[in-house]
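Remarks on the overall topology
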Amino acid sequence: MAESEVLLEVERSPLAATMMVNMGPQHPSTHGVLRLVLTLDGERVVEAKPDIGYLHTGMEKLAEHKKYQHVITITDRTDYLNAMGNNLGYVLAVEKMLGVEIPPRAQVIRVLMAELQRIASHLVWIGTHGLDLGAMSLFFYAFAEREKILQLFEAVSGGRLTPSYLRIGGVMADLPDGFTARVLDFCREFPRALDEFDKLLTNNPIFRMRTEGVGRLSAEDAIRWGVTGPSLRASGVPYDLRRVHPYSGYETYDFEVATRTEGDVYARYLVRVQEMRESLKIIRQAVEKLPPGPVKCDDPRVSLPPREKMLTQMDALIYHFLLTAEGIKVPPGEVYVAVESPRGELGYYIVSDGGPRPYRVHIRAPSFANVQALPLMVRGQLIADVVAVIASIDIVLGEIDR
Amino acid sequence: MDVVVEAVIKIVIVFGVVLTCLAYLALFERKILGWIQLRYGPNRVGPWGLLQPLADLLKFLFKEDVRPATPNPILFSVAPILSLVPALMTYAVIPFGDRIELFGREITLYITSVNVGLLYLFALSGLGVYGIVLAGWASNSKYSLLGGLRSAAQLISYELTLTLSVIGVLIQAGSLDLIAIVRAQSGTYFGLIPKWHIFWYQPLGFLLFFIAAVAETNRVPFDLPEAETELVAGYHTEYSATKFAMFYVAEYANILAVSALATTLFLGGWNGPGVERLPLLGVFYFAMKTAVFLFIYIWLRATLPRFRYDQLMRFGWKVLLPLAFANIVFSAAMATTA
């Protein structure tokens, strides 16, 4: 037997040093349909290859066939835990091309919604993070809190997971009566839930053993791989788009950018928990400064005229007809606008050829960049740590595959 | 002849009661988990979900028995039996109560009294490992194999602590016979504190026993062999229908057995006020004490995250085992000075 054949035999033998395991796409803790091809040495990970695409639904292509105002519903479905934030990124991009002015009340409502959505998204993350590490009850507590936010969304838009509340030029409708009181109620009750999570996870010795020093990511590596959001801030880079490139008036709110330096799973955990508290601060300020006034701009190019005018005035009827039959005509050009989603920098790159439909929409999905750093984080770790690391970068496959 | 008839009747009663308890233990667990997690738990089948165990049983019996393409079909089928039978055999020596007079005969409230009762129990719990390892190996699946191997390592490590933590009790009771151990715990100190081992010299032994028992029964926070978020379902990933039900019942049988054992060794077994006059009351006390353990088991499951495999091993060998040794030295010293 030639030497090469012997080597081949050794590799084929069941006693070979490494073993290949497919984690996913049907696996309880890959958060959807992420597939990881793990090369294991015992329980230690030698190599991890993420394989994506199982949830590809062609949303970017689909957007090319929809009118600008109809693409909003598609953005809801990319990162399905951050529907309001996706709406925001998209409408900001289109508004930048159109150059329309948004009324101040709509600006504040958008910030309010985006921050409520951030808390809701982080609640799903903390629940599943706990579940992945075996703390099952936390999942239910987190979802009970999230339910309150979803009910708020339902009150303003009628939708819960996919509200499609934001519009080009404003928001769909004004806040219903008593809405701000309900938001303030939530702001009062929610810190108590956060304290309870602290008791169950933050100070739990088993949880800390499982997360401290696990899945380290240095600041240089994080930047090199394009990691953004809480995962980047946990590595010590205070990069938050709300602070660095403010949009929707974020520069007028007082909040801290949560940052840690350890770069491990526990640091990412602490950053997100801190972010929930900061979001609460922003929500309180937003409710306080909520100005009266319209919630849609009165630019006839983008928003429908009031029904009263449409039925009585000729020019209003024409605008109404043009807007519904033809759509919003966006001047030719291209634009990139990024917002801070709960997962990182969510960017919309839109090319317009002057027609009512976008020529090209590209979504810079934060999870897509973040998951690239996963192999780096899990190399040399145990298989149980892989689960913890996946949970800590908080991926949403809906926006990775789009 | 009478003795044989009596033994058979007792075996039938004990196993009937134990199996019913196991079925309702699953319901009890789901109900308590439900309450802790802000939901109702099963409440569709029968009043208050009381017929749920029956529905589950029927479901398991009528499900298709899928067998993976494995080179070891016999081992695959034997493994669940190997894990269930030792779990059920433990109940033969557990003393549920003292003795009662019935039909002019003196009847003991346990199936049999073995003078090496504890050794018998530990031998059986050692046998249970085979079922799990063989299941993992015969399934011909990587997740199952990893689960089975983890299990073997974990059970062997924690069995040491489990066994050593009991030696303090043996020193104090002076016997391996479970009935003698319970008798040694009757009476009170100063008419107030019961003479249970948990209060007298053995609180550390009790703690060690309890932690090791949780690990031994593969429960949270030591449920690594079946860590569903890592290994899908561990060693029983490939099992379905009745075979899966056997693993399921075996797990609950082990939990109940270990709780009953903890009650016997540390909480005075059937002892309690008024037992001398009314021995049947002892069975009630025994059941109540065991139920407390079962509740703690479920409470742990609802609250704690899971250890990592290497942390579990380190905890077992570097923390629990030295403490168990220290407890033995302490118990021996107390016994010689007393």
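Figured I'd write up the structure that's included with this text. Just so we're clear, the structure is a prediction, and the values are computed from it rather than from any experiment.

Here the focus is the sheet that holds strand β8 (residues 360–364) of chain A. Sheet strands associate in pairs through backbone hydrogen bonding, adopting either a parallel or an antiparallel arrangement. Residue and element names in this part refer to chain A. Within the open sheet, the three strands sit side by side as β6-β7-β8. Their pairing is antiparallel. The open sheet has two edge strands, β6 (333–341) and β8, and neither has a second partner. Across the sheet, the mean angle from the axis of one strand to that of its neighbour is 15 degrees, orientation sign disregarded. Here five bridges tie strand β7 (residues 344–352) to β8, and the two strands are oriented antiparallel to one another.

In this section: the packing of helix α1 (residues 2–36) of chain B against helix α10 (residues 280–303) of chain B. Helix packing for two helices is described by the angle between their axes and how far apart those axes are. Residue and element names in this part refer to chain B. Orientation of α1 relative to α10, taken along the N-to-C sense of each, is 45 degrees, at an axis distance of 10 Å. The pairing of α1 with α10 is recorded here as oblique in orientation. Like other packed secondary-structure pairs, α1 and α10 cross with a definite hand, here right-handed. Here Leu-25, Phe-28, Glu-29, Ile-32, Leu-33 and Ile-36 of α1 lie close against α10, whose contacting residues are Leu-294, Phe-295, Ile-298, Trp-299, Arg-301 and Ala-302. For the contact of α1 with α10, the residue count by class is ten nonpolar, no polar and two charged.

Next up on the list: a nonpolar patch on the surface. Residues and elements named next belong to chain B. A contiguous nonpolar surface patch, about 1,100 Å² in accessible area, is contributed by Tyr-24, Trp-35, Trp-48, Leu-50, Leu-51, Leu-54, Leu-57, Leu-58, Leu-61 and Phe-62. Mapped onto the nonpolar patch, the elements with two or more residues apiece are α1 and α2 (52–62). Top contributing element to the nonpolar patch by residue count: α2, with five residues. Within the secondary structure layout, Leu-50 lies in the loop between α1 and α2. Assessed through its relative accessible area of 36%, Leu-50 is described here as partly exposed.

This next bit is on helix α9 (residues 241–266) of chain B. Residue and element names in this part refer to chain B. With 26 residues, α9 should reach 38 Å at 1.5 Å per residue; the first-to-last C-alpha distance of 37 Å fits that figure. Burial analysis of α9 places 20 of its 26 residues in the buried class, which makes it a mostly covered element. Phi turns positive, to about 75 degrees, at Gly-268, one or two residues after α9.

With that settled, the discussion passes to the packing of aromatic side chains. Enumeration over the complete set of coordinates arrives at 28 aromatic pairs over all chains. Consider the rings of Trp35(B) and Trp48(B), whose centres lie 5.9 Å apart with planes at 50 degrees: the pair is tilted. Of the two residues, Trp35(B) is situated in helix α1 and Trp48(B) in the loop between α1 and α2; the sequence distance between them amounts to 13 residues. Take Trp35(B): its relative accessible area is 48%, and that puts it in the partly exposed class. Using a relative accessible area of 49% as the deciding quantity, one classes Trp48(B) as partly exposed. Summarising the aromatic geometry, the rings of Phe307(B) and Phe315(B) are spaced 5.6 Å apart at their centres and angled 20 degrees between planes, so their arrangement reads as stacked. Look at Phe307(B) and you get buried, because its relative accessible area is 6%. An aromatic cluster is present here, built from Phe206(B), Phe209(B), Phe210(B), Phe266(B), Phe293(B) and Tyr297(B) joined pairwise through their rings. Cation over ring: Arg272(A) sits above Trp125(A), and NZ or CZ is 5.1 Å from the ring centre. The residue whose ring lies beneath Arg402(A) is Phe368(A), and the NZ or CZ to ring-centre distance is 5.9 Å.

Along the polypeptide, Asn87(A) turns up in helix α4 (residues 83–98). Dropping the residues within four chain positions of it, Asn87(A) is found in contact with Ile72(A), Thr75(A), Asp76(A), Ser164(A), Tyr165(A) and Leu166(A).

The next thing to look at is the pairing of strand β2 (residues 105–108) of chain B. Residue and element names in this part refer to chain B. Strand direction decides the pairing type here: strand β1 (residues 99–102) and β2, joined by four bridges, are antiparallel. When the bridges of β2 are listed, Ile-100 appears paired with Ile-107. Between β1 and β2, which follow one another and run antiparallel, lie two residues, and Phe-103 among them has a positive phi close to 50 degrees.

Once that is clear, we can look at the environment of Val108(A). Residues and elements named next belong to chain A. Tracing the backbone shows Val-108 in helix α5 (residues 104–132). Classification of Val-108 by relative accessible area gives buried; the value is 7%. For the pair Val-108 and Thr-73, spaced 35 residues apart in sequence, the C-alpha separation works out to 21 Å.

Quick look at the pattern of salt bridges now. All names here are of chain A. If you walk through the whole model with that rule in mind, you get 36 salt bridges over all chains. In this structure, the salt-bridge partner of Arg-360 is Glu-60, at a minimum N-O distance of 3.4 Å. Highlighted residues: Arg-360 in strand β8 and Glu-60 in helix α2 (residues 59–63), separated in sequence by 300 residues. For Arg-360, a relative accessible area of 30% corresponds to the partly exposed category. Residues Arg-188 and Asp-185 are paired through a salt bridge, measuring 2.4 Å at the closest nitrogen-oxygen approach. Linking Arg-188 with Asp-185, this pair stays in helix α7 (residues 179–202), spanning three residues, or about one helical turn. By sharing partners, the salt bridges in this structure join Glu-115, Arg-118, Arg-233, Asp-240, Arg-242, Glu-275 and Glu-340 into a single network.

Taken together, the contact pairs 25 residues of chain B with 34 residues of chain A. Across the interface of chain B and chain A, roughly 2,600 Å² is buried in total on both sides, 62% from carbon and sulfur atoms. At the boundary of chain B and chain A, one finds one salt bridge. A salt bridge links Asp385(A) to Arg308(B), with the nearest nitrogen and oxygen atoms 3.0 Å apart. Summed over the shared surface of chain B and chain A, the number is seven residue pairs in polar contact (both at pLDDT 80 or more). Element by element, the count of residues in the side of chain B that touches chain A is highest for helix α5 (residues 142–173) of chain B, at four residues. Broken down by class, the residue content of the side of chain B that touches chain A amounts to twelve nonpolar, four polar and nine charged.

Attention now goes to the sheet that holds strand β2 (residues 35–41) of chain A. Read from one edge of the open sheet, three strands run β1-β2-β3 (chain A), paired in antiparallel fashion. Across the chains shown, the open sheet's two edge strands, defined by having one partner strand only, are β1 (19–23) and β3 (44–51) of chain A. Across this sheet, the average inter-strand angle for adjacent strands is 20 degrees, counted without regard to direction. Sheet topology places β2(A) next to β3(A); seven bridges connect them, and they run antiparallel. Bridge assignment links Val37(A) to a residue of β3(A), and that residue is Lys49(A). The strands touched by helix α17 (residues 383–393) of chain A within the sheet are β1, β2 and β3 of chain A, with β2(A) carrying the most contacts at an inclination of about 150 degrees. Across the sheet, α5(B) is in contact with β1 and β2 of chain A; its angle to β1(A) comes to roughly 110 degrees.

Another point: the packing of helix α3 (residues 73–89) of chain B against α9(B). Residues and elements named next belong to chain B. Viewed as axis vectors pointing N to C, α3 and α9 meet at an angle of 25 degrees, and their least axial separation amounts to 8 Å. The angle between the axes of α3 and α9 places the two elements in the roughly parallel class. In this structure, α3 crosses over α9, and the sense of that crossing is left-handed. Residues Phe-76, Ser-77, Ala-79, Pro-80, Ile-81, Ser-83, Leu-84, Ala-87 and Leu-88 of α3 form the contact with α9, whose participating residues are Lys-243, Met-246, Phe-247, Val-249, Ala-250, Ala-253 and Asn-254. In terms of residue class, the contact of α3 with α9 is built from twelve nonpolar, three polar and one charged.

Definitions and cut-offs
- Residues numbered from 1 in each chain as written.
- Chains lettered and ligands numbered in written order.
- Predicted model: local features only at pLDDT ≥ 70, side-chain atom pairs only at ≥ 80, totals over all residues.
- Heavy atoms only, no water.
- Pairing = 2+ DSSP bridges.
- Helix = DSSP H or I, 4+ residues; strand = E, 2+ residues; numbered from the N terminus.
- Axes fitted to C-alpha atoms, helices over the stretch in contact; angles between N-to-C directions.
- Parallel < 35°, antiparallel > 145°, perpendicular 65-115°, else oblique.
- Left-handed = near helix turned anticlockwise from the far one by under 90°.
- Contact = heavy atoms within 4.5 Å.
- Nonpolar A, V, L, I, M, F, W, Y, C, P; charged D, E, K, R; others polar.
- Patch = residues over 30% accessible without salt bridge, like charges linked within 9 Å, V, L, I, M, F, W, Y side chains within 5 Å.
- Areas by Shrake-Rupley, 256 points an atom, 1.4 Å probe, with all protein chains shown as cover.
- Salt bridge = Lys/Arg side-chain N within 4 Å of Asp/Glu carboxyl O.
- Buried < 20%, exposed > 50% of the residue type's maximum accessible area, 1.4 Å probe, protein only.
- Expected span 1.5 Å × (residues − 1).
- Phe/Tyr/Trp six-rings, centres within 6.5 Å; stacked < 30°, edge-to-face > 60°.
- Lys NZ or Arg CZ within 6 Å of the ring centre and 35° of its normal.
- Buried area = accessible area lost by both parts, 1.4 Å probe.
- Polar contact = N/O pair within 3.5 Å; in protein donor to acceptor, adjacent residues only side chain to side chain.

Function cannot be read off these values alone, since they describe shape.
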